[in-house]
Amino acid sequence: MTALSVNVNKIALLRNSRPLNYPEPAAAARICLEAGAAGVTVHPRPDQRHIRPADVIAIARLIGEEFPDREFNIEGNPFEPDFLELVQEARPAQCTLVPDAPGQATSDHGWNPETDSRRLSAVLEKLHENGTRSSLFMDANPKWIEAIAKLRPNRIELYTEPYARAAERPEAAAVCRQFAECAQLADGLGLGVNAGHDLSLSNLGPLLQAAPMICEVSIGHALIADAVFSGLADAVYRYLSVIRLAAKA
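Residues numbered from 1 in each chain as written. Predicted model: local features only at pLDDT ≥ 70, side-chain atom pairs only at ≥ 80, totals over all residues. Heavy atoms only, no water.

S.K.: Report on the pairing of strand E7 (residues 192-196), specifying residues and quantitative values.
M.R.: Across a regular strand the side chains alternate sides, sitting on one face of the sheet and then on the other. Of all five residues in E7, five are buried, a share of seventy percent or more. With burial as the criterion, each face of E7 is covered, one bearing Gly 192, Asn 194 and Gly 196 and the other bearing Val 193 and Ala 195. Of the strand pairs in this sheet, strand E6 (residues 155-159) and E7 are connected by five bridges, and their pairing is parallel. Looking across to E7, one finds that Leu 158 is bridged to Ala 195. (Buried < 20%, exposed > 50% of the residue type's maximum accessible area, 1.4 Å probe, protein only. Helix = DSSP H or I, 4+ residues; strand = E, 2+ residues; numbered from the N terminus. Pairing = 2+ DSSP bridges.)

This is the structure:
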């Protein structure tokens, strides 16, 4: 069965809007793991606009001490300052390498083996030496997947925003087949296949039915947004309860 890794970046983004440590990303990670998630994903960026190095270490400690059967996945650009040092300190089960520019709002493309292979090779070797599973963020491009397989990463992560954008359009079935074929290709080349970016309750099922070999999906934005709506009424009830109790005191 496909594993679910919950990306808690949005929790950190909310936390950082105030000079407080609430909501704490590690506390959110604990809730996700207690609910049955197979792992937690973070994507620290140089400007620390959401996940900070201290969050990475806190979540690594949480999983190591309380959930040793679960996985920690750290995403990021290995050529940004201090990223690989943070990965080495946290020792995650998996490191997903993503070609983000420093000021980029979110990930929007995968690696290009025609220009990136040489410099990625040394990074992959370092991850393998440290016992960290490697994954490369990739577009659903068969030619590039075949080329990147020569670097021998453990896995690739298919960048699924194009699939998500097409999910409500007439071309949905064709795009889903494209992603499934790329997943099958990678699987046949000996690569594990992950998927992530803009996956949601509405589009996740068809993708996994078409590509059951997908090992893991990393989901953050939609899952956290869904949690806001599914838990908002309960939060209102709890605050009203405090107000009522205070009125009776």
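What follows continues from the structure just given.
S.K.: Please set out the sheet that holds strand E1 (residues 3-7) residue by residue, giving values where relevant.
M.R.: Spatial strand order, E1-E2-E3-E4-E5-E6-E7-E8: eight strands in a closed barrel with parallel pairing. Averaged over all adjacent pairs, the angle separating strand axes in this sheet is 25°, with direction ignored. Of the pairings in the sheet, the one linking strand E3 (residues 71-76) to strand E4 (residues 94-97) comprises four bridges and is parallel in character. By the bridge assignment, Ile 74 is partnered in E4 with Cys 95. (Axes fitted to C-alpha atoms, helices over the stretch in contact; angles between N-to-C directions.)

S.K.: Please give an account of the pattern of salt bridges that cites residues and values.
M.R.: Scanning the model with the defined rule gives 11 salt bridges in all. In this structure, the salt-bridge partner of Arg 49 is Asp 47, at a minimum N-O distance of 2.9 Å. Arg 49 sits in the partly exposed class, given a relative accessible area of 23%. Taking the shortest distance from any N to any O, the salt bridge between Arg 70 and Asp 69 comes out at 3.4 Å. For Arg 70, a relative accessible area of 23% translates into the label partly exposed. (Salt bridge = Lys/Arg side-chain N within 4 Å of Asp/Glu carboxyl O.)

S.K.: Before we move on, could you go through the environment of Glu 80 and cite the residues and values that matter?
M.R.: With respect to the helices and strands, the residue Glu 80 is situated in the loop between E3 and helix H4 (83-90). Glu 80 gets classed as buried once you look at its relative accessible area, which sits at 18%. Counting along the chain gives 50 residues from Glu 80 to Arg 30, while the straight-line C-alpha distance between them is 28 Å. Ignoring any residue separated from it by four or fewer positions in sequence, one finds Glu 80 in contact with Pro 46, Asp 100, Ala 101 and Pro 102. (Contact = heavy atoms within 4.5 Å.)

S.K.: Just give me the short version of the packing of aromatic side chains, but keep the residues and values in it.
M.R.: On inspection of all chains with the given rule, the structure shows three aromatic pairs. Relative to Tyr 159, the ring of Phe 137 lies with its centre 5.3 Å away and its plane at 50°, an arrangement referred to as tilted. Here Tyr 159 lies in strand E6 and Phe 137 lies in strand E5 (residues 133-138), a separation of 22 residues in the sequence. An identical accessibility class is assigned to Phe 137 and Tyr 159; each is buried. (Phe/Tyr/Trp six-rings, centres within 6.5 Å; stacked < 30°, edge-to-face > 60°.)

S.K.: Summarise unusual backbone geometry; cite the residues concerned and give the values.
M.R.: The residue after Tyr 22, namely Pro 23, is reached through a cis peptide bond having omega 0°. If you check the backbone angles, Arg 91 has positive phi at about 50° while not being a glycine. Structurally, Arg 91 is set in the loop between H4 and E4. The backbone phi angle of Arg 152 is positive, close to 60°, even though this residue is not glycine.

S.K.: Please give an account of the packing of helix H2 (residues 25-34) against helix H3 (residues 53-66) that cites residues and values.
M.R.: At a closest axis distance of 9 Å, the pairing of H2 and H3 adopts a crossing angle of 35°. Relative to H3, the crossing made by H2 is right-handed. Packed against H2, whose contacting residues are Pro 25, Ala 26, Ala 29, Arg 30 and Leu 33, the element H3 presents Asp 55, Ala 58, Ile 59, Leu 62, Ile 63 and Glu 66 at the interface. Considering only residue class, the contact of H2 with H3 consists of eight nonpolar, no polar and three charged. (Left-handed = near helix turned anticlockwise from the far one by under 90°. Nonpolar A, V, L, I, M, F, W, Y, C, P; charged D, E, K, R; others polar.)

S.K.: How would you summarise the pairing of strand E2 (residues 39-42) if you had to cite specific residues and measurements?
M.R.: Burial along E2 is two-sided: Gly 39 and Thr 41 facing one way and Val 40 and Val 42 facing the other are all buried. With three bridges joining them, E1 and E2 adopt parallel strand pairing. In the strand pairing of E2, Val 6 is matched with Val 40. Sheet analysis places E2 next to E3, joined by four bridges and oriented parallel. When the bridges of E3 are listed, Val 40 appears paired with Phe 72. Considered for its hand, the β-α-β crossover made up of E2, H3 and E3 is right-handed. (Right-handed = clockwise from strand over helix to strand, strands pointing away.)

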